[in-house]
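Next come the chains, spelled out residue by residue.
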Amino acid sequence: MSEFVDLTEDFKTSKTIAVSYTKRDLLLYALGIGETDLRFTYEDSDDFSVFPTFPIVLPFTGTENDVAGFPSEAMAEGAVMPGLPGTKFLLDGERYLEIVRPLPAEASEFRMTSRLVGVHKKGKGALVESESVIEDANGVAYVRMRSGAFLVGANGLKTAANRTLSPFQFRNVSPM
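Residues numbered from 1 in each chain as written. Predicted model: local features only at pLDDT ≥ 70, side-chain atom pairs only at ≥ 80, totals over all residues. Heavy atoms only, no water.

A.B. asks: How do you make sense of the overall build of the protein when you look at a structure like this?
C.D. replies: For the protein, the count of helices and strands is 5 helices and 6 strands. Ordered by position from N to C terminus, the α and β elements of the protein give α-β-α-α-α-α-β-β-β-β-β. Put simply, the protein has 176 residues, and 36% of those count as buried. In the structure as shown, the protein presents an accessible area of about 10500 Å², 53% of it carried by carbon and sulfur atoms. (Helix = DSSP H or I, 4+ residues; strand = E, 2+ residues; numbered from the N terminus. Buried < 20%, exposed > 50% of the residue type's maximum accessible area, 1.4 Å probe, protein only. Areas by Shrake-Rupley, 256 points an atom, 1.4 Å probe, with all protein chains shown as cover.)

The following block contains the structure:
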């Protein structure tokens, strides 16, 4: 048996979960982050919209329409973390968000597909990168998210085995 972890199958696997939201979810999110612009906080505004960072919560809530526990069912079902020996705990590291097209301001249901895209030995652990894409039932992408987490104590990785399948690149767009 090799002393190193083989992640070949982890890189081939993706997980898909259902995600949804209501206008109430959009309003609570906007108010919760202190937003005051009526297009995000008043549902009868002519230009009522989804606040751009709202999709970050969908991997945590899934289809839950009440307070979600932690870790939530959606987190457990959609997780693409490799099982690395020695891991003591996970630290959330970074999140990148690309709005491919704005999410509708009406209650909506989507699917979110997540996959492992990178594992890198870093000091006394490993940096794990995953990518999630939120799509409608027709496969039209709305949001692409890249997340990084540090697995404290993770070992069993060869430095040469570190890889990223698709480097994250920001599109050149103007901020809102």
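Resuming the write-up.
A.B. asks: For this particular structure, what's the right way to read a negative patch on the surface?
C.D. replies: Residues Glu 64, Asp 66, Glu 73 and Glu 77 make up a contiguous surface patch of negative charge. Tracing the sequence through the fold places Glu 64 in the loop between α4 (58-61) and α5 (73-78). (Patch = residues over 30% accessible without salt bridge, like charges linked within 9 Å, V, L, I, M, F, W, Y side chains within 5 Å. Salt bridge = Lys/Arg side-chain N within 4 Å of Asp/Glu carboxyl O. Lys, Arg positive; Asp, Glu negative; His and termini not counted. Charge placed at Lys NZ, Arg CZ, Asp CG, Glu CD.)

A.B. asks: Could you clarify how one ought to interpret the nonpolar core in this entry?
C.D. replies: The nonpolar side chains of a soluble globular protein tend to be buried, and buried together. If you look at the biggest cluster of nonpolar residues, it comprises 22 residues, and the most contacted ones within it are Val 19, Tyr 21, Phe 54, Leu 103, Phe 110 and Ile 134. Residue assignment for this core shows that the elements contributing at least two residues are β1 (14-21), α2 (23-32), β3 (108-122) and β5 (141-152). The biggest single contributor to this core is α2, with 4 residues. Ignoring anything within four residues of it in the chain, the contact list for Leu 103 reads Tyr 21, Val 50, Pro 55, Phe 110, Tyr 142 and Val 143. The next biggest cluster of nonpolar side chains, apart from the first, holds 10 residues, and it includes Leu 84, Leu 116, Leu 151 and Ala 154. (Core = buried A, V, L, I, M, F, W, Y, C linked by side-chain atoms within 4.5 Å. Contact = heavy atoms within 4.5 Å.)

A.B. asks: It is not clear to me how the pairing of β3 should be interpreted in this structure. Could you clarify?
C.D. replies: A regular strand carries its side chains on alternate faces of the sheet. In this structure, β1 lies alongside β3, joined through 8 bridges in antiparallel fashion. In the strand pairing of β3, Val 19 is matched with Phe 110. With antiparallel pairing between neighbouring strands as the criterion, β3 and strand β4 (residues 125-135) make up a hairpin whose turn holds 2 residues, including Gly 123 at a positive phi of roughly 55°. (Pairing = 2+ DSSP bridges.)

A.B. asks: Just to check I follow, could you spell out the packing of aromatic side chains for this structure?
C.D. replies: Remark: the centre distance and the inter-plane angle together describe each pair of aromatic rings, the angle taken between the planes. Taken as a whole and assessed by the stated rule, the structure comprises 6 aromatic pairs. A ring pair is formed by Tyr 29 and Phe 51, whose centres lie 6.3 Å apart and whose planes are at 50°; its orientation type is tilted. Of this pair, Tyr 29 sits in helix α2 while Phe 51 sits in the loop between α3 (38-41) and α4, placing them 22 residues apart in sequence. Grouping residues by exposure puts Tyr 29 and Phe 51 together as buried. Consider the rings of Tyr 29 and Phe 54, whose centres lie 5.5 Å apart with planes at 80°: the pair is edge-to-face. Linking Tyr 29 in helix α2 with Phe 54 in the loop between α3 and α4, this pair joins segments that are 25 residues apart in sequence. This pair shows no difference in class: Tyr 29 is buried, exactly as Phe 54 is. Ring pairing ties together the aromatic residues Tyr 21, Tyr 29, Phe 40, Phe 51, Phe 54, Phe 110 and Tyr 142, which thus form one cluster. (Phe/Tyr/Trp six-rings, centres within 6.5 Å; stacked < 30°, edge-to-face > 60°.)

A.B. asks: Sorry, what's going on with the environment of Gly 153 here?
C.D. replies: Structurally, Gly 153 is set in the loop between β5 and β6 (163-164). The spacing of Gly 153 and Lys 88 is 65 residues in sequence and 5.7 Å in space, taken between C-alpha atoms. In this structure, Gly 153 is in contact with Pro 85, Gly 86, Thr 87, Lys 124 and Gly 125, ignoring residues within four places of it in sequence.

A.B. asks: How should the environment of Ser 130 be read in this particular structure?
C.D. replies: Mapped onto the secondary structure, Ser 130 falls in strand β4. On the basis of relative accessibility, which here comes to 11%, the residue Ser 130 falls in the buried class. Apart from the residues lying within four places of it in its own chain, the contact partners of Ser 130 are Val 80, Arg 115, Leu 116, Val 117, Met 145, Arg 146 and Ser 147.

A.B. asks: Would you mind showing me how to read the side chain of Arg 146 here?
C.D. replies: Secondary-structure assignment places Arg 146 in strand β5. Overall, the relative accessible area of 2% leaves Arg 146 in the buried class. Of note is the side chain of Arg 146, whose polar atom sits 3.5 Å from the side chain of Glu 131. (Polar contact = N/O pair within 3.5 Å; in protein donor to acceptor, adjacent residues only side chain to side chain.)

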